[in-house]
Amino acid sequence: MELFETITSLRAIRRMRPDPIPDDVLRRILTAAICAPSGGNRQPWFFLVVREAATRQRLAELWNVGYQELLKIPYYGQALSGGGTVEQQRMMRSVRYLAEHLHAAPVHLLVCMNTEGQPPGFHHGSSIFPAIQNLMLAARALGVGSVLTTMQRYREAEVKALLGIPEAMVVAAFIPLGYPQGHFGAGPRKPLDEVLFFERWEQRQT
């Protein structure tokens, strides 16, 4: 798939079919992930693929604790209740669908990071999120949907205990993977000129 077509048609996929993802497809996606750069080339990433149905059900229950916390934030809760913009309302309906059907996503991917005993910080993100973007782009190129979530942070200790993840690891992201029910396509984005400056803040190109 042409690179810019992949980039511009990558969007959060929350409605997924239960069809299994073949091992070779998963390996291609994760091989793309480990091609990403990282600080000092430490390559701090680890990937845990969960496909067992009962475990996915329990992970979905833990994830939903975070979803309920999310709804306490006005931006999200009001959008689900009919406030905000049409785009925000549509997004939150999609998030609600994921919350109700997360267990059915055929793969729950936990992206873990070794911070070498340091509390996770901004600089750690620069060594893990490029890998996450790589894997999401690779998934898109192979027709697999994905959505980046971090709801697991509200119950990280329980997630670690359930999956045997070492205490020293940080669970950086929880990414459901599955073939989409609908279609890929560009999500709503601000125009480039609204966020682009030259030489000085708020100075536009002339």
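Up top you'll find the structure we're talking about.
So, here's what we can say about the structure. These numbers come from a predicted model, not from an experiment.

**Considering the overall build of the protein**
- Each helix and strand counted, the protein has 8 helices and 4 strands in total.
- Its helices and strands taken in sequence order, the protein reads α-α-β-α-α-α-β-α-β-α-β-α from the N to the C terminus.
- Computed over its C-alpha atoms, the radius of gyration of the protein comes to 18 Å, within 12% of the 17 Å expected for a compact globule of 206 residues.
- The C-alpha extent of the protein, read off along each of the three principal axes, is 55 × 45 × 35 Å.
- Taking all 206 residues of the protein together, 41% fall into the buried category.

**Considering the packing of helix H3 (residues 53–70) against helix H5 (residues 86–101)**
- Where H3 meets H5, the axes come as close as 10 Å, and the angle between the chain directions of the two elements is 155°. Classed by the angle they form, the pair H3 and H5 counts as roughly antiparallel. Between H3 and H5 the crossing geometry is left-handed. Counted together, Trp-63, Asn-64, Tyr-67 and Leu-70 of H3 and Met-92, Val-95, Arg-96, Leu-98 and Ala-99 of H5 form the full contact between these two elements.

**Some thoughts on a nonpolar patch on the surface**
- Among the surface-exposed residues, Leu-3, Phe-4 and Ile-7 lie close enough to one another that they form a single nonpolar patch of about 320 Å² accessible area.
- Position of Leu-3 among the secondary structure elements: in helix H1 (residues 3–8).

**As for the nonpolar core**
- Among the nonpolar cores identified, the biggest contains 27 residues, and Ile-21, Leu-109, Val-111, Leu-135, Val-144, Ile-175 and Leu-177 are the most heavily contacted of them.
- Residue assignment for this core shows that the elements contributing at least two residues are helix H2 (23–33), strand E2 (107–114), helix H6 (122–141) and strand E4 (169–178).
- Looking at this core element by element, the count peaks at 7 residues for H6.
- When residues no more than four places from it in sequence are discounted, the contact partners of Ile-21 are Leu-26, Arg-51, Pro-106, Val-107, Val-144, Leu-177, Gly-178 and Tyr-179.
- Met-16, Val-50, Leu-98 and Met-151 belong to the second largest nonpolar core, which has 25 residues in total.

**Notes on a positive patch on the surface**
- A cluster of basic side chains, namely Arg-11, Arg-15, Arg-90, Arg-93, Arg-96 and Arg-189, defines a positive patch on the protein surface.
- The residue Arg-93 is located in helix H5 in this model.

Cut-off values and rules
Residues numbered from 1 in each chain as written. Predicted model: local features only at pLDDT ≥ 70, side-chain atom pairs only at ≥ 80, totals over all residues. Heavy atoms only, no water. Helix = DSSP H or I, 4+ residues; strand = E, 2+ residues; numbered from the N terminus. Rg over C-alpha atoms; globule rule 2.2 N^0.38 Å. Buried < 20%, exposed > 50% of the residue type's maximum accessible area, 1.4 Å probe, protein only. Axes fitted to C-alpha atoms, helices over the stretch in contact; angles between N-to-C directions. Parallel < 35°, antiparallel > 145°, perpendicular 65-115°, else oblique. Left-handed = near helix turned anticlockwise from the far one by under 90°. Contact = heavy atoms within 4.5 Å. Patch = residues over 30% accessible without salt bridge, like charges linked within 9 Å, V, L, I, M, F, W, Y side chains within 5 Å. Areas by Shrake-Rupley, 256 points an atom, 1.4 Å probe, with all protein chains shown as cover. Salt bridge = Lys/Arg side-chain N within 4 Å of Asp/Glu carboxyl O. Core = buried A, V, L, I, M, F, W, Y, C linked by side-chain atoms within 4.5 Å. Lys, Arg positive; Asp, Glu negative; His and termini not counted. Charge placed at Lys NZ, Arg CZ, Asp CG, Glu CD.

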